[in-house]
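Take a look at the letters that make up each chain.
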Amino acid sequence: MHSNKINTTNNTKKHIHKQSLSKDDIFLTIDNGTQSMRAMLFDQQGQLLAKSTVKLDAYFSAEPGWAEQEADYFWQMLSAACQKLWQHPLVIQQQLKSRIVALSVTTQRGSVVNVDKKGQALRPAILWLDQRLADLNEQDKTRLPWYWRLIFKTIGKTELIHYFQRKAQANWLTQKQPEIWQKTDKFLLLSGFLNHKLTGAYKDSIASTVGYLPFDYKKQCWANKHHWKWKLLPITPAMLPELVQPGEKLGEISASAAKATGLALGLAVIASASDKACEVLGSGCITADTASLSYGTTATINTNNKRYIEPQAYIPAFPSAIPSHYNSEIMIYRGYWMVNWFKQEFAKQELDKAQQLGVNVESLFDAFIEQTPPGAMGLMLQPFWSPGIANLAAKGAMLGFGDVHTKAHIYRAIIEGIAYALKEGKENLEKRQGTPINKVIVSGGGSQSDAAMQITADIFNLPCHRPHIYETSGLGAAINIAVGLGYFDDYQKAASAMTHIEQTFLPNKQHVPLYNQLYQHVYKKMYRHLQPLYKNIKSITGYPE
């Protein structure tokens, strides 16, 4: 059993020794997102010097609801992103490759890979978007000792435990593909798989460990042998990687990795964190009074805390990219994926126009905001297009349709609905942590829309800040390298030097009262009133499972 106890001091420097530090040294980070693989070079001021992007085939579905991708495909795309970066004109002209002192990889969370004793993937990776569920019979329901079952029944969380059992990929694999599970030597997150491909070592960052695994979120280590999670999963301690703190050394680039990627043999690989945790750090959100909003595929609101603060009762706080800290996170599971949904279902005309103009179709969507008034003429959206742990029966809803409404109103209602949901998350976080949030920093693809930023400022009634670069996940990983190697004494100094605000959107005082009334008197009451109907729909149709 790995202990991986947390040390409250920042002791990363004792793990990495450099004879000299130069102001010309730069950091390479790789961000394996859902839709693209990006390789980026950052300097010590947090400026993005060069970047390469390789588009990903996000997933394939052998069955309805499945989301899988070949694990080696991610490795091939990582290698391709590196090789493409070396061809960047600035990299060549300024010989940037020779100035790289370390690499760190940040990835999407909760995607798992089974590997054999040779380190080869046994089947496609099961991605975080996957919706399959394991079977749950009466024997499974009594797998926990009686005292654990009594505890969970007493606190009303039996359903949550059953959801954990069904959602855990390891349980599905033992039921449906037992031959694969029998051959599985290591059960890794995507981050651990890529770290192994780079270094040959089975190591991963504590701050990348988010998933249906026997992990103790409060102690930030693999759970002790008596923890209830071991009772519900077929995973053994030997199947899991060694965990290290963000900023610590995971290993060095192996000969095979150097050949595939073009990276220097022996280059240090430094632990960072999951993409969301890196995004929080790369946005400069290091205190509980500053919220990091992510308008990405999954929309989230996060605060960084020194204490373990569950964002909702019995929902864990995740490991922060800052060692021994926690991110309290409220998640809107599909978030800005809804923009892609809108694009595919309602925006063929705009898709064709964008292709003709040679621009991203999203750049045309701000016109939809300009065509419609705040409140979308009474059209209200609840953005629960996929259920979450805190609302297992939830569905999405749009209320208030009339003959005046067009697809422009639908688009505006989507943006407003996501912002309402995140504002509700903000209020929950403030209550849980006992600290008001007075600063909001917004990153992710949606942050590039001025209209979306203004709507967020109006609904939150707070200034909303856009970071100086869009790639905050990659920047967060670079900050982990910078502190880990000793370029900065601590994360506060590093964040101060490497994160910057590009633009601030102030609330429009004419719009704030309308949004506040819609939020208080409509949005906050929607789920409570619709929840019984959601449950009825589920019992009648079986959807969502």
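Residues numbered from 1 in each chain as written. Predicted model: local features only at pLDDT ≥ 70, side-chain atom pairs only at ≥ 80, totals over all residues. Heavy atoms only, no water.

Things to note about the packing of helix α15 (residues 407-433) against helix α19 (residues 512-541)
The relative placement of two packed helices comes down to the angle between their axes together with the axis-to-axis distance.
Argument step 1. It is at 11 Å that the axes of α15 and α19 come closest, and there the two elements cross at 80°. By the angle class used here, α15 and α19 are roughly perpendicular. Contacts from R412, E416, G417, Y420, A421, K423, E424 and E427 of α15 reach α19 at Y515, N516, L518, Y519, Q520, Y523 and K524.
Argument step 2. Partitioning the contact of α15 with α19 into residue classes produces six nonpolar, three polar and six charged. (Axes fitted to C-alpha atoms, helices over the stretch in contact; angles between N-to-C directions. Helix = DSSP H or I, 4+ residues; strand = E, 2+ residues; numbered from the N terminus. Parallel < 35°, antiparallel > 145°, perpendicular 65-115°, else oblique. Contact = heavy atoms within 4.5 Å. Nonpolar A, V, L, I, M, F, W, Y, C, P; charged D, E, K, R; others polar.)

What to know about the environment of V113
Argument step 1. Here V113 shows up in strand β6 (residues 112-115).
Argument step 2. Along the sequence, V113 and L189 sit 76 residues apart, while their C-alpha atoms lie 6.0 Å from each other.
Argument step 3. Sequence-distant contacts of V113, defined by excluding residues within four places in its chain, comprise A71, A121, A125, K186, F187, L188, L190 and F193.

Thoughts on the packing of aromatic side chains
Argument step 1. Per the counting criterion, the structure on display carries 31 aromatic pairs.
Argument step 2. An aromatic cluster of at least three residues, connected via ring pairs, comprises W146, Y147, W148, F152, F164, Y212 and W228.
Argument step 3. Sitting over the face of the ring of W172, R132 holds its NZ or CZ atom 4.4 Å from the ring centroid.
Argument step 4. It is K186 that lies over the ring of Y202; its NZ or CZ is 5.4 Å from the centre. (Phe/Tyr/Trp six-rings, centres within 6.5 Å; stacked < 30°, edge-to-face > 60°. Lys NZ or Arg CZ within 6 Å of the ring centre and 35° of its normal.)

A word on the environment of N461
Argument step 1. Mapped onto the fold, N461 is located in the loop between α16 (450-460) and β22 (464-467).
Argument step 2. Given the relative accessible area of 34%, N461 is considered partly exposed.
Argument step 3. On a C-alpha basis, the gap between N461 and K259 in space is 52 Å, while along the polypeptide they are 202 residues apart.
Argument step 4. Every residue in contact with N461, bar those within four places of it in the chain, is listed here: T456, P507, K509 and V512.
Argument step 5. Looking at N461, its side chain comes within polar contact range of the side chain of K509, at 3.2 Å. (Buried < 20%, exposed > 50% of the residue type's maximum accessible area, 1.4 Å probe, protein only. Polar contact = N/O pair within 3.5 Å; in protein donor to acceptor, adjacent residues only side chain to side chain.)

Concerning the nonpolar core
Argument step 1. Formed by 58 residues in total, the largest nonpolar core has its most connected members in L293, F342 and L422.
Argument step 2. In terms of residue count, α15 provides more of this core than any other element does, 12 residues in total.
Argument step 3. Not counting residues up to four positions away in its chain, the partners in contact with F342 are A347, F365, F368, K407, I410, Y411 and I414.
Argument step 4. Counting 46 residues, the second-largest nonpolar core is a separate cluster that includes L41, Y73, L96 and F193. (Core = buried A, V, L, I, M, F, W, Y, C linked by side-chain atoms within 4.5 Å.)

Observations concerning helix α18 (residues 491-498)
Argument step 1. For α18, the set of buried residues is Y491, A494, A495 and M498. Buried residues of α18, viewed axially, fall in a sector of 95°; they line one side. Exposed and facing more than 90 degrees away from the buried side of α18 are Q492 and S496.
Argument step 2. Looking at the buried side of α18, the elements it contacts are β1 (26-32), α11 (275-282) and α17 (472-484).
Argument step 3. Regarding α18, its N-cap is D490, as a side-chain oxygen of that residue lies 3.2 Å from the backbone nitrogen of Q492 further along. (Arc of directions from axis to C-beta.)

Honestly, it's all geometry; don't read function into it.
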